[in-house]
Amino acid sequence: MENGLPQQKQGGAPLSLLATSNAHGEDSPYFDGWKEYDANPYHATKNPSGIIQMGLAENQLSFDLLESWLLEHRKASICAEEGVTSFKEIALYQDYHGLPDCRKAIAMFMEEVGGRKVKFEGDRVVLTAGATAAHEVLTFCLADRGEAFLVPTPYYPGFDRDLKWRTGVELIPVHCSSSNDFQITVPALEAAYQNAMAQNIRVKGLLITNPSNPLGTTVDASTLRRLLAFVSEKSIHLVCDEIYSGSVFSSPKFTSIAEILATEKTSQSGLVHIIYSLSKDLGLPGFRVGVIYSYNDIVVTAARRMSSFSLVSSQTQHLLASMLSDTEFVRKYLVENSRRLRKRHEMFVSGLRVAGINCLKSKAGLFCWVDLRDLLESPSQEGEIRLWNIILKKIGLNVSPGSSCHCSEPGWFRFCFANMTDGIVQESLNRILFFMQNKRSNQRSGYQKKLLHQDGAKEILHSNGKMSLVEDDGLSMNVNSSGCSRLDESTRSNLPRQDVNHGVY
């Protein structure tokens, strides 16, 4: 490796341009934060000062429901004694179209997620190894190298890798504004489309996430109709990523593009394609189950052929066919999972509110879109990354800065809250609360004596007579002479008793 890049040659033989390019999209704070976390992960007893992973949109809130079902339906697993009679049948080669029972069961699950307002056909379900593969396969089907998709911002940082790296397709941001809660508007779409045309870039489609990652908002029916009219007018495709559609926890409920097609009876349905997955709503990212559901017969055929490079294991399909066919279980799971997400969301948002931090109002997903614009030293991407580094390395939280989501307004961050226990959520809130209390305390200090040390740190004499040593970044948390961060009485009163030990954090 040279400068973090693979060498063009090893042993004298040149490698491909793909293997040695930087087009993978992983040179981003989104991925850098993961590396920092991997090097110093939080653990309540083994590493209590480590970094808490809040950059992972993973649902760990309802595993007990899945585990209970597995214990009651052992025959669904070919690894259990009750299911071993199916072992040989499942272990042998299967049709790369996927097990018919599994495709039918996933179609039924998608119907339940949508409130049984629309029917999905098992024959249109194309299975892939996760939503990442589904997106790439669909991109290969819809566009050629050098062509582009419009993508409203902010959007999932992984799209820059998933859609662009191997396909050579471009993503053109459609900049949305906090002035209308980042809603997608036709004028913004038109501006991005015309900008692409001016650069001689052919736009082949519009990609939206509904519910939105990272916003946690949903697209209402009237907006979906306007988007459908826009793509119809331009003769481009509409790709709807609906992988969080079963993770809506407050009203109004989710509206799928499939519901619009069913009620509109449009002749342009062949332009519409849905991406789905079991990674978020069912909390099974390790199972690697992605779905392409297209209303275009040619796309279905082509995608199914390409899916042979990213198959879902037959063992996984066999298990899911049984689980998702259990309608009683599915309905109970969706209701209870929604309730738990709502409770966790309320816990996290109310904790931020205590710290004086606001979020965009949301009702879906596994994260919050947090407004930290008031904490920026400068309203710029550089100011945002500086704050992100403080959050990551000083507060010890790995979060996703808005710039990694192509947000045009610096100071917004995505915080994930469903991939951890209540205790770890409270630990993260304690850290945030202490940071904010300390920042306000410094601003209120009537008298401070600052001596610049040779190492770039400042010694601060506060009006209460305490000394603290902080790095000269203007936002660091203070550490008193004993080496322990302390909470003042007003902060302590907002914390659960088990989290306060004589004021020492």
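Residues numbered from 1 in each chain as written. Predicted model: local features only at pLDDT ≥ 70, side-chain atom pairs only at ≥ 80, totals over all residues. Heavy atoms only, no water.

(A) Spotlight on helix α12 (residues 314-324). Buried residues dominate α12, accounting for nine of its 11 residues. Residues of α12 that are buried: S314, T316, Q317, H318, L319, L320, A321, M323 and L324. (Buried < 20%, exposed > 50% of the residue type's maximum accessible area, 1.4 Å probe, protein only. Helix = DSSP H or I, 4+ residues; strand = E, 2+ residues; numbered from the N terminus.)

(B) Representation of the pairing of strand β15 (residues 412-416) in the model. With five of five residues buried, β15 lies mostly within the body of the structure. Here β15 shows a buried face lined by W412, R414 and C416 and a second buried face lined by F413 and F415. Bridging between strand β12 (residues 367-371) and β15 involves five bridges; their strand directions are antiparallel. Bridge pairing links W369 to R414 in β15. In terms of strand pairing, strand β14 (residues 400-401) meets β15 through two bridges, oriented antiparallel. The residue of β15 that forms the bridge with S400 is R414. (Pairing = 2+ DSSP bridges.)

(C) Structural detail: the confidence of the model for the protein chain. With 83% of its residues at a pLDDT of at least 70, the protein chain reaches an overall mean of 85. Across residues 446-505, confidence stays below pLDDT 50; counting only partners more than four residues off in sequence or on other chains, it has 121 contacts. (pLDDT = per-residue confidence, 0-100. Contact = heavy atoms within 4.5 Å.)

(D) Geometry of the packing of helix α8 (residues 186-198) against helix α9 (residues 221-234). Between α8 and α9, the least distance of the axes is 11 Å, while the angle of their chain directions is 25°. Viewed along their axes, α8 and α9 adopt a mutual orientation that is roughly parallel. The way α8 lies across α9 gives a crossing that is right-handed. Judged by residue contacts, V186, L189, E190, Y193 and Q194 of α8 engage R226, L227, F230 and K234 from α9. Grouping the constituent residues of the contact of α8 with α9 by class yields five nonpolar, one polar and three charged. (Axes fitted to C-alpha atoms, helices over the stretch in contact; angles between N-to-C directions. Parallel < 35°, antiparallel > 145°, perpendicular 65-115°, else oblique. Left-handed = near helix turned anticlockwise from the far one by under 90°. Nonpolar A, V, L, I, M, F, W, Y, C, P; charged D, E, K, R; others polar.)

(E) Main features of the pattern of salt bridges. Taken as a whole and judged by the stated rule, the model has 23 salt bridges. The salt bridge partner of K119 is E111, with a shortest N-O separation of 3.6 Å. The partner of E112 in a salt bridge is R116, with the nearest N and O atoms 2.8 Å apart. Through salt bridges with shared partners, a single network forms among D64, E336, R339 and R340. (Salt bridge = Lys/Arg side-chain N within 4 Å of Asp/Glu carboxyl O.)

(F) Quick look at the pairing of strand β8 (residues 237-241). Counted residue by residue, β8 has five buried out of five residues, so it is predominantly covered. Here β8 shows a buried face lined by H237, V239 and D241 and a second buried face lined by L238 and C240. When strand β7 (residues 203-209) meets β8, the two strands line up parallel, connected through five bridges. Bridge pairing links L206 to L238 in β8. Traced from β7 through α9 to β8, the parallel crossover comes out right-handed. Inspection of the sheet shows β8 paired to strand β9 (residues 272-277) by four bridges, in the parallel sense. Looking at the pairing, V239 lines up with H273 of β9. After leaving β8, the chain enters helix α10 (residues 257-264) and then returns to the sheet as β9, a path that is right-handed. (Right-handed = clockwise from strand over helix to strand, strands pointing away.)

(G) Spotlight on the packing of aromatic side chains. Taken as a whole and assessed by the stated rule, the structure comprises 17 aromatic pairs. Each ring, one from Y156 and one from F159, has its centre 5.3 Å from the other, and the planes form 85°; the classification is edge-to-face. Comparing Y156 with F159 shows no difference in burial state: the two are buried. For the pair F329 and Y333, a centre-to-centre distance of 6.0 Å together with 40° between the ring planes defines the contact as tilted. Residue F329 and its partner Y333 are both found in helix α13 (residues 327-354); the two are separated by four residues, about one turn of the helix. With respect to class, F329 is no different from Y333; both count as buried. Grouping aromatic residues by their ring pairs yields a cluster made of Y30, F31, W34, Y155, Y156 and F159. (Phe/Tyr/Trp six-rings, centres within 6.5 Å; stacked < 30°, edge-to-face > 60°.)

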